[in-house]
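# Architecture at a glance
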There are 2 protein chains.
Amino acid sequence: MSDPSNAAEPGHWGPPYLLYLGSAADDLAIKTARGLAYWRPDWCVGQLRRHDCKPTLGLPEMSIGEARNAGANTMVIGAANAGGVMSPEIVADAIAALEAGLHVAAGLHQKLRENPDIVAAARRHGRVLFDARDPMPGLPVGNGRPRAGRRLLTVGTDCSVGKMYTTLAIERAMRKRGLAADFRATGQTGILVAGSGIPIDAVVADFIAGAAEKISPARLDGGWDLIEGQGSLFHPSYAGVSLGLLHGSQPDALVLCHEPTRRHMRGLPDYPLPELKRCLQANLAAAQLTNPTVKAVGVALNTSGLAEADAVVACRRISELLELPCEDPVTMGVEAIVDNLLACCAN
Amino acid sequence: MSDPSNAAEPGHWGPPYLLYLGSAADDLAIKTARGLAYWRPDWCVGQLRRHDCKPTLGLPEMSIGEARNAGANTMVIGAANAGGVMSPEIVADAIAALEAGLHVAAGLHQKLRENPDIVAAARRHGRVLFDARDPMPGLPVGNGRPRAGRRLLTVGTDCSVGKMYTTLAIERAMRKRGLAADFRATGQTGILVAGSGIPIDAVVADFIAGAAEKISPARLDGGWDLIEGQGSLFHPSYAGVSLGLLHGSQPDALVLCHEPTRRHMRGLPDYPLPELKRCLQANLAAAQLTNPTVKAVGVALNTSGLAEADAVVACRRISELLELPCEDPVTMGVEAIVDNLLACCAN
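Scoring rules and cut-offs
Every chain is numbered on its own, with residues counted from 1 as its sequence reads. To read the labels, note that chains go from A and ligands from 1, taken in the order they are written. Residues qualify for local features only when their pLDDT is at least 70, as the model is predicted, and side-chain atom pairs are given and counted only at 80 or more; totals for whole chains, interfaces and linings, by contrast, use all residues. Hydrogens and water molecules were not included; the side-chain quantities draw on all heavy atoms of the structure. Least-squares superposition aligns the copies on the C-alpha atoms of those residues with pLDDT at or above 70 in both. For this analysis, residues touch if any pair of their heavy atoms sits within 4.5 Å. Take the accessible area each of two parts loses on contact, using a 1.4 Å probe, and add the two losses: that sum is the buried area. One side-chain nitrogen of Lys or Arg within 4 Å of one carboxyl oxygen of Asp or Glu is enough to make a salt bridge. Identification of polar contacts relies on pairs of N or O atoms within 3.5 Å, with a donor-acceptor requirement for protein atoms, meaning one able to donate a hydrogen and the other able to accept it, and with residues adjacent in sequence counted only if both atoms are side-chain atoms. Under the DSSP-based scheme used, a helix requires at least four consecutive residues in state H or I and a strand at least two consecutive residues in state E, with every element numbered from the N terminus. Under the grouping applied here, Gly and all other residues not named as nonpolar or charged are polar, the nonpolar ones being Ala, Val, Leu, Ile, Met, Phe, Trp, Tyr, Cys and Pro and the charged ones Asp, Glu, Lys and Arg. Note that the domain bounds were set by an automatic or database domain assignment. Axis lines are fitted through C-alpha atoms, for helices just across the contact stretch, and the angle between N-to-C directions can take any value from 0 to 180 degrees. These descriptions rest on fixed angle ranges, namely under 35 degrees for roughly parallel, over 145 for roughly antiparallel, 65 to 115 for roughly perpendicular, and the rest for oblique. Helix crossings fall into two classes, left-handed where the near helix is turned counterclockwise from the far one by less than a right angle and right-handed where it is turned clockwise. Accessibility here uses a 1.4 Å probe with only protein chains present; expressed as a share of the type maximum, an area under 20% marks a residue as buried, one over 50% as exposed, and anything in between as partly exposed. Here, strands pair whenever DSSP counts at least two bridges between them. To form a nonpolar core, buried Ala, Val, Leu, Ile, Met, Phe, Trp, Tyr and Cys residues must be joined to one another through side-chain atoms within 4.5 Å. UniProt positions are given in the numbering used here, feature names are shortened, and annotations may be inferred rather than shown by experiment.

Here we take up the relation of the copies chain A and chain B. Mapping chain A onto chain B is achieved by rotating through 180° and translating by 0.0 Å along the same axis, at an RMSD of 0.0 Å. Considering both components of the superposition, the chain copies are consistent with a two-fold axis. Same-surface contact between copies: 100% of interface residues of chain A are shared with the interface of chain B.

Listed below in structure tokens is the structure:
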């Protein structure tokens, strides 16, 4: 997998980035762009929004030409639809970026390299196309064999509740304590942030668990692999991905991620969110198949929809309910979760 | 998807079939070939076995040339390895079949059409390559919306315990009673037997549930879709496929399939089989997410490894344990299961 930190290499995709938001309808639709802007602010020179784009990242608004002049190297298509379809507008703007001399990276199911017009434009202008959702070839079937090393996996009540943020926050907090800890990316944003990983929802279904085993291989240094969770066991569109990732990760520790103002499962108005305790128990029960000693070590609450005082109350209530530390990784940090992780898995 | 019943059409793949067993190591490795020989005996003129092939279907042994002379139209590669890898021997024999004028069909993860030598040979000789594991393009993400029609899904304690056989046997039994009932294929053998379907373990992980919705769309004729199950919620390599299929199928009825002499999960000596009651309850709990009224209606026991008297005892014991009819579809039929299905889902 390409490494975006190779930006210095001429003719290679990588930062500085122009973040393309296109015609995104809401904030959740731009989570790829938001993740990059939050975790790699120094890499992001601006945002490009079409006139009907609702959300914003607060970055300088730029056209493709302005971004080029501001030093951008790559346009990252950071907005996704359900199913990852590429609209005619996205195709036109990708071609315009290539014509202006930018590389183009994207994390859509429909690949840049599968669109002949985009491929032709990239070839014409000697630019690189990077599809973060391209799974690596030759993935193995999961073997379920216990392996060395310690692994944490984030799981969720729903999609898009903060699993990637939480995992990256735990990496940052553990590294600050001088611990060996590595974020393992399983989604397009994580891959763009980390520079490597496997887009677990884009692999062939038979290889989901095998892909999870591949990104978190046996390790002997006493350090932790921190694996980015995907979807939810309770999301009827994507639960298969979540279960395969749970089995392949063989996690020693789970962190449950939740967004308390979400009224129904993402994209499915008729599906309520699962009750927290039931959700955590279902994840533990499923994880026990490949790691009987798995433990829940904390809850990460995305309180962006709550007032500050309400957020504190919500965390306390959930902490009492589940008997686990509960905090918002963005506004409160993850120190209590890391403390509990280290206490629970001290051996 | 191509329909093998179009055999009359010149230049089209389809029966009569030469079943290629290659160097298969055991009986489970030839389940594609065995399924075809059992459900479509009139289509199968012979079998081709390499010298180190262990199992047999009892069909006439034929070379490629002999099969051609016996009227074969297509060689079906009916033996699979873990991961569906295509060995150099299979490649050589596929090319030899094409050179002799046969079409070639296969159900491996590695596609015939992805091997340049096979593709070149097919083109040279004007023959067709059919990959039963090619998922249809443009699959939707699962939407979880309740849909009209009645659906039965077979689930299993393990892979390769008889889910396809059971589903086809139920179709046959229901049709004999004059009921509208259609087998919906989710695996390569089922697709070769049925002439259509989606290889659910070969779709991109995000679309597992969507593929299940696609093969069993809303129906208004009061008939049943009988959906071929895959894998097991308790198989650490493939459980994600099983869960997505369970959610997308929105089954009204489940039939649990089991092989009582299996000592560990297929391919994984360290994983014991799940206890039957726990397995059934886990499947019902997961299925309730998309169909809260789902019911278990029977158990299909693959008793091929038991003496006849032991098989009868095993069925009776399981029937008492789970309070469901239990029978071997191959040796005992599925009448009691169909009776219970119709009684449970009479509305």
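Let's shift gears to the interface of chain A and chain B. Frequently, the measure chosen for interface size is the accessible area removed from exposure when the parts meet. Contact with chain A, which involves 33 residues of that partner, is made by 33 residues of chain B. Carbon and sulfur atoms supply 61% of the area that chain A and chain B bury against each other, a total of about 2,600 Å² over both sides. For the chain A face of the interface with chain B, the top three residues by lost area are D206, Y271 and L289 of chain A, together amounting to 21%. Applying the counting criterion to the chain A and chain B interface returns zero salt bridges. The interface formed by chain A and chain B contains eight residue pairs in polar contact (both at pLDDT 80 or more). Elements represented by at least two residues in the side of chain A that touches chain B include exactly helix 7 (208-215) and helix 8 (239-249) of chain A. The greatest single-element share of the side of chain A that touches chain B, amounting to six residues, is contributed by helix 8 of chain A. In terms of residue class, the side of chain A that touches chain B is made up of 19 nonpolar, eleven polar and three charged.

All names here are of chain A. Splitting chain A by domain gives domain 1 (4-131) and domain 2 (150-344). For domain 1 and domain 2, the distance between their C-alpha centres works out to 27 Å. With 20 residues of domain 1 at the interface, the matching set in domain 2 holds 17 residues. A per-residue breakdown of the area domain 1 buries against domain 2 is headed by L28, Y38 and W39, which together make up 38% of the total. At the junction of domain 1 and domain 2, the tally comes to zero salt bridges. Sort the elements by how many residues they give to the side of domain 1 that touches domain 2 and helix 1 (residues 31-39) lands first, with seven residues.

Next up on the list: the packing of helix 5 (residues 163-176) of chain A against helix 11 (residues 335-344) of chain A. Residues and elements named next belong to chain A. One can describe the packing of helix 5 onto helix 11 by two numbers: an axis separation of 10 Å at closest approach and a directional angle of 70°. As far as their axial angle goes, helix 11 and helix 5 are roughly perpendicular. In this structure, helix 5 meets helix 11 at a crossing whose hand is right-handed. Facing I170, A173 and M174 of helix 5, the residues of helix 11 in contact are E335, I337, V338, L341 and L342. Residue classes in the contact of helix 5 with helix 11 are distributed as seven nonpolar, no polar and one charged.

Moving on, we come to the pattern of salt bridges. Throughout the structure, instances matching the rule amount to 36 salt bridges over all chains. Close ionic contact of R133 of chain A with D201 of chain A constitutes a salt bridge, the shortest N to O distance being 2.9 Å. With R133 of chain A in the loop between strand 5 (129-131) and strand 6 (150-156) and D201 of chain A in the loop between helix 6 (188-194) and helix 7, this pair connects stretches of sequence that are 68 residues apart. Assessed through its relative accessible area of 7%, D201 of chain A is described here as buried. When the shortest N-O distance is used, the salt bridge between R262 of chain B and D158 of chain B registers 2.8 Å. Separated by 104 residues along the polypeptide, R262 of chain B in the loop between strand 9 (253-258) and helix 9 (276-287) and D158 of chain B in the loop between strand 6 (150-156) and helix 5 (163-176) bring together distant segments of the chain.

Residue and element names in this part refer to chain B. Pairing is parallel across the open sheet formed by six strands, whose spatial order is 7-8-6-9-10-11. Two strands lie at the open edges of the sheet, namely strand 7 (181-184) and strand 11 (326-327), each paired on one side alone. The pairing of strand 10 (residues 295-301) with strand 11 spans two bridges and is parallel. Considered in strand 11, the bridge of A300 is made with E327. Along the sheet face, helix 8 (residues 239-249) touches strand 6, strand 8 (224-227) and strand 9 and points at about 165° away from the line of strand 6.

If you look at the biggest cluster of nonpolar residues, it comprises 90 residues, and the most contacted ones within it are L246, L256 and L322 of chain A together with L246, L256 and L322 of chain B. Each residue touching L246 of chain B, except ones within four places of it in the same chain, is listed here: L153, V155, L233, P251, L254, N283, A286, A287 and T290 of chain B.

The next point concerns the sheet that holds strand 10 (residues 295-301) of chain A. Residue and element names in this part refer to chain A. An order of 7-8-6-9-10-11 is seen for the six strands of this open sheet, with the pairing classed as parallel. The two strands at the open ends of the sheet, each matched to only one other strand, are strand 7 (181-184) and strand 11 (326-327). Here strand 6 pairs with strand 8 (residues 224-227) via four bridges, running parallel. Paired with R150 across the strands is W224, a residue of strand 8. Helix 9 (residues 276-287) contacts strand 6, strand 9 (253-258) and strand 10 of the sheet and is inclined by roughly 145° relative to strand 9.

Residues and elements named next belong to chain A. Cis geometry marks the peptide bond from P15 to P16; its omega dihedral reads 0°. In this structure, P16 sits in the segment before strand 1 (17-22). Here the phi dihedral of S160 falls at roughly 55°; this positive angle occurs in a residue that is not glycine. Take S160: it is sitting in the loop between strand 6 and helix 5.

What follows concerns the UniProt feature "domain: D-glutamate N-acetyltransferase-like C-terminal" (unreviewed entry) in chain A. Here, the residues flagged by UniProt with the feature "domain: D-glutamate N-acetyltransferase-like C-terminal" (unreviewed entry) are residues 141-338 of chain A. End-to-end, the C-alpha atoms of residues 141-338 of chain A are 32 Å apart, and along that stretch the chain is 36% helix and 15% strand.

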